[in-house]
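Coordinates in review
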Amino acid sequence: MTRTTSRGRDQLTEEAADAAIEQACRILRLPTIRDRFGDQAAAAARQQATYKSFLSELLFIECEDREVRRKARLVKQAGFPRTKRIEDFDFAANPNVPPALVHTLAKGAWIRAGQPVCLIGDSGTGKSHLLIGLGTAAAEAGFKVRYVTAAALVNELVEAADDKHLSKTIARYGRVDLLCLDELGYLELDRRGAELLFQVFTEREERSSIAIASNSAFSEWARTFTDPRLCAAIVDRLTFDASIIETGTESFRLRTTKRRRSSTRAS
């Protein structure tokens, strides 16, 4: 009778301990420990691990998982339209792109220095891949990143100006560590849109980094920014102390598609 009661009390104590640990983990926001403490406790018992060893392992997996969640959160907050990573870029397919420079940029020192990066080339040459890849690497390194197309940003700024909260919107874009601006030069901007975009560049000048991707050479930007003086000022803002990568004129996406079709027909 006594032994049965003892076993029942021991079992109840285990259940109570599990419930207390789970509740404490919820209060302290330790989701990984909450999900894995049971398995870790069983493994520690099999290995006859010390209490300190068991605790250190639990804390390690929580810290490791928290870092993974932090990176994923920063990448999600950046607003990238699709997943692109530097390690997936095919440098052999586009020899115009210098691998050493790109890998150096992926380390993020230019962001800490507030320097710009300009990716210039025709469609299909990898500009957006590199832009998103560098932005993703920056977000995973702990930087606050925001991706937006030039047209979307100008539209947002125009709406903000009409709604009387332009300064708040510009300040919000000024707070991110890296602004990734895609498709600059695809559309002609009227003077108002160009001036609003210039305000964002000025807000970030020599303080926070901008990375842009454009299908037009700088000499052709007058077609996008129709005011010559404003165009010159924008080019000056974006190229001062910048890393400039010219991705070329031949679309390796189109070349790859043609190669695949040729292989399919041959087979």
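Residues numbered from 1 in each chain as written. Predicted model: local features only at pLDDT ≥ 70, side-chain atom pairs only at ≥ 80, totals over all residues. Heavy atoms only, no water.

Another aspect to go through is the pattern of salt bridges. By the definition in use, this model includes 15 salt bridges. Taking the shortest distance from any N to any O, the salt bridge between arginine 85 and glutamate 140 comes out at 2.8 Å. Taken together, the positions of arginine 85 in the loop between α3 (51-78) and α4 (99-105) and glutamate 140 in helix α6 (residues 127-140) put the pair 55 residues apart, joining distant regions of the chain. Given a relative accessible area of 26%, arginine 85 falls into the partly exposed group. (Salt bridge = Lys/Arg side-chain N within 4 Å of Asp/Glu carboxyl O. Helix = DSSP H or I, 4+ residues; strand = E, 2+ residues; numbered from the N terminus. Buried < 20%, exposed > 50% of the residue type's maximum accessible area, 1.4 Å probe, protein only.)

We now examine the nonpolar core. Among the nonpolar cores identified, the biggest contains 32 residues, and Leu181, Leu184, Leu197, Ile212, Trp221, Phe225 and Leu238 are the most heavily contacted of them. Secondary-structure elements contributing two or more residues to this core are β1 (117-121), α7 (150-162), α8 (166-175), β3 (178-184), α9 (191-204), β4 (209-214) and α10 (228-239). Not counting residues up to four positions away in its chain, the partners in contact with leucine 181 are Leu131, Val148, Thr149, Ala150, Leu153, Leu197, Phe201, Ala211, Ile212 and Ala213. Val97, Leu119, Tyr147 and Leu178 belong to the second largest nonpolar core, which has 27 residues in total. (Core = buried A, V, L, I, M, F, W, Y, C linked by side-chain atoms within 4.5 Å. Contact = heavy atoms within 4.5 Å.)

When you tally the buried positions in β3, you get 6 out of 7 residues, the bulk of the element. Across 5 bridges, the pairing between strand β2 (residues 145-149) and β3 is parallel. Pairing of tyrosine 147 across the sheet is with cysteine 180, part of β3. Examined bridge by bridge, β3 and β4 share 5 bridges and lie parallel to one another. In the strand pairing of β4, leucine 181 is matched with isoleucine 212. Following the chain from β3 across α9 to the adjacent parallel β4, one finds a crossover that is right-handed. (Pairing = 2+ DSSP bridges. Right-handed = clockwise from strand over helix to strand, strands pointing away.)

To continue, consider helix α2 (residues 31-47). Counted at 1.5 Å a residue, the expected span for α2 with its 17 residues is 24 Å, and the 24 Å between its end C-alpha atoms agrees. Within α2, the axis deviates most sharply at phenylalanine 37, by approximately 55°. In the stretch just after α2, glutamine 48 is the one whose phi turns positive, near 55°. (Expected span 1.5 Å × (residues − 1). Bend = angle between axes of the 7 residues up to and from the residue.)

With 90% of its residues at a pLDDT of 70 or more, the protein chain has an overall mean of 88. Note that pLDDT drops below 50 for residues 1-9; the model gives that stretch 0 contacts with residues more than four away or on any other chain. (pLDDT = per-residue confidence, 0-100.)

Another point: the packing of α7 against α9. Running from amino to carboxyl end, α7 crosses α9 at an angle of 95°, the nearest separation of the two axes being 9 Å. Classified by the angle their axes make, α7 and α9 are roughly perpendicular. Where α7 abuts α9, its residues Leu153, Val154, Leu157, Val158, Ala161 and Asp162 lie against Arg192, Gly193, Leu196, Leu197 and Val200. Grouping the constituent residues of the contact of α7 with α9 by class yields 8 nonpolar, 1 polar and 2 charged. (Axes fitted to C-alpha atoms, helices over the stretch in contact; angles between N-to-C directions. Parallel < 35°, antiparallel > 145°, perpendicular 65-115°, else oblique. Nonpolar A, V, L, I, M, F, W, Y, C, P; charged D, E, K, R; others polar.)

Its location among the elements puts threonine 224 in the loop between β4 and α10. Among all residues touching threonine 224, those that are not within four sequence positions of it are Gly185, Leu187, Glu188 and Leu189.

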